[in-house]
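An overview of the molecular structure
Take a look at the letters that make up each chain.
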Amino acid sequence: PDPIYPWMRDNIKEPSVLLAPDSASTAVAAYSARMNVVSYRSGAWIRDRDLLEERAGEKIEIPQRALDLHAFFYEEDLEAGGYEILRRYDVDYLMIPADSPSNELLETLPGFSPVKDAPRELYSLYAVDLQKLGEPK
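Now for a look at the structure at hand. (Residues numbered from 1 in each chain as written. Predicted model: local features only at pLDDT ≥ 70, side-chain atom pairs only at ≥ 80, totals over all residues. Heavy atoms only, no water.)

If you trace the backbone, Arg 120 turns up in the loop between strand E4 (112–114) and strand E5 (123–128). Here Arg 120 falls in the partly exposed class, since its relative accessible area comes to 38%. Spatially, the C-alpha atoms of Arg 120 and Asp 2 are 8.9 Å apart, while their sequence positions differ by 118 residues. Those residues within four positions of Arg 120 in sequence are excluded, and the remaining contacts are Ala 98, Asn 103, Glu 107, Pro 114 and Tyr 126. (Helix = DSSP H or I, 4+ residues; strand = E, 2+ residues; numbered from the N terminus. Buried < 20%, exposed > 50% of the residue type's maximum accessible area, 1.4 Å probe, protein only. Contact = heavy atoms within 4.5 Å.)

The following block contains the structure:
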């Protein structure tokens with residue numbers, strides 16, 4: 001596993017909310033009971049909706065958390081709708097792929113602080129200060 005997971009288990013002691021892509025969020029529960037994720041496996045709801053509806057024989061209501069997670073990582077501009085999503089779930093930490101171009105942006109925006117001691121092999125971890133986020137554009 002990526003070293004970020006044992007690091008979170010050993011270093012994040014208070015109950016917290018994490019916004020992370022599907023690929024990262026599914027492993028969090030195995031390592032940290034204190035860390036809640038906004039949504040698990042939301043990509044499958046979105047990606048396989050037609051198949052799920054066909055099997056169910058009716059329209060499937062996708063949970064708002066799944067829609068928000070997908071929007072945050074694949075559709076929304078961070079400063080436009082992303083801040084609203086972070087606030088909606090009272091997010092304490094944001095995890096993104098270490099090779100994402102978003103890392104450069106996050107390091108310049110108020111309200112995001114790279115967690116200095118956290119390993120950055122596959123993912124980067126940012127502390128989110130909701131009070132310091134700018135207003136949505």
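As a further point, take the packing of helix H1 (residues 4–11) against helix H2 (residues 22–31). Between H1 and H2, the least distance of the axes is 9 Å, while the angle of their chain directions is 45 degrees. Relative to H2, the element H1 lies oblique. Considering the relative orientation of H1 and H2, their crossing is right-handed. In this structure, H1 uses Tyr 5, Pro 6, Met 8 and Arg 9 to contact H2, whose residues at the interface are Ser 23, Ala 24, Ala 27, Val 28 and Tyr 31. Taken together, the residues of the contact of H1 with H2 break down into seven nonpolar, one polar and one charged. (Axes fitted to C-alpha atoms, helices over the stretch in contact; angles between N-to-C directions. Parallel < 35°, antiparallel > 145°, perpendicular 65-115°, else oblique. Left-handed = near helix turned anticlockwise from the far one by under 90°. Nonpolar A, V, L, I, M, F, W, Y, C, P; charged D, E, K, R; others polar.)

Bringing the nonpolar core into the picture now. Leu 19, Leu 86, Val 91, Leu 94 and Phe 112 are the most contacted members of the largest nonpolar core, which totals 21 residues. Only strand E1 (16–19), helix H5 (64–74), helix H6 (78–88), strand E3 (93–97) and E5 provide two or more residues apiece to this core. No other element matches H6, which puts four residues into this core. Look past the residues within four positions of Phe 112 in its chain and what remains in contact with it is Leu 78, Tyr 83, Leu 86, Leu 94, Leu 106, Tyr 126, Ala 127, Val 128 and Leu 133. (Core = buried A, V, L, I, M, F, W, Y, C linked by side-chain atoms within 4.5 Å.)

What follows deals with H5. Those residues of H5 lying buried are Ala 66, Asp 68, Leu 69, His 70, Ala 71 and Phe 72. Buried residues belonging to H5 abut E1, H2, helix H3 (42–47), H6 and E3.

In this structure, the largest pocket spans a volume of roughly 250 Å³. For the largest pocket, the lining is made up of 14 residues, of which Phe 72, Phe 73, Ile 96, Ser 100 and Ser 102 are closest to its centre. Put simply, the parts of the chain that give the lining of the largest pocket at least two residues each are H5, E3 and helix H7 (102–106). Of the residues belonging to the lining of the largest pocket, the class tally is ten nonpolar, two polar and two charged. (1 Å grid on protein atoms, 1.4 Å probe; cavity = no way out; pocket = protein on both sides within 12 Å on 5 of 7 lines; lining within 4 Å. Points joined across faces, edges and corners; volume = space filled by probe spheres on them.)

Everything listed here is a matter of coordinates, which is why it stays silent on function.
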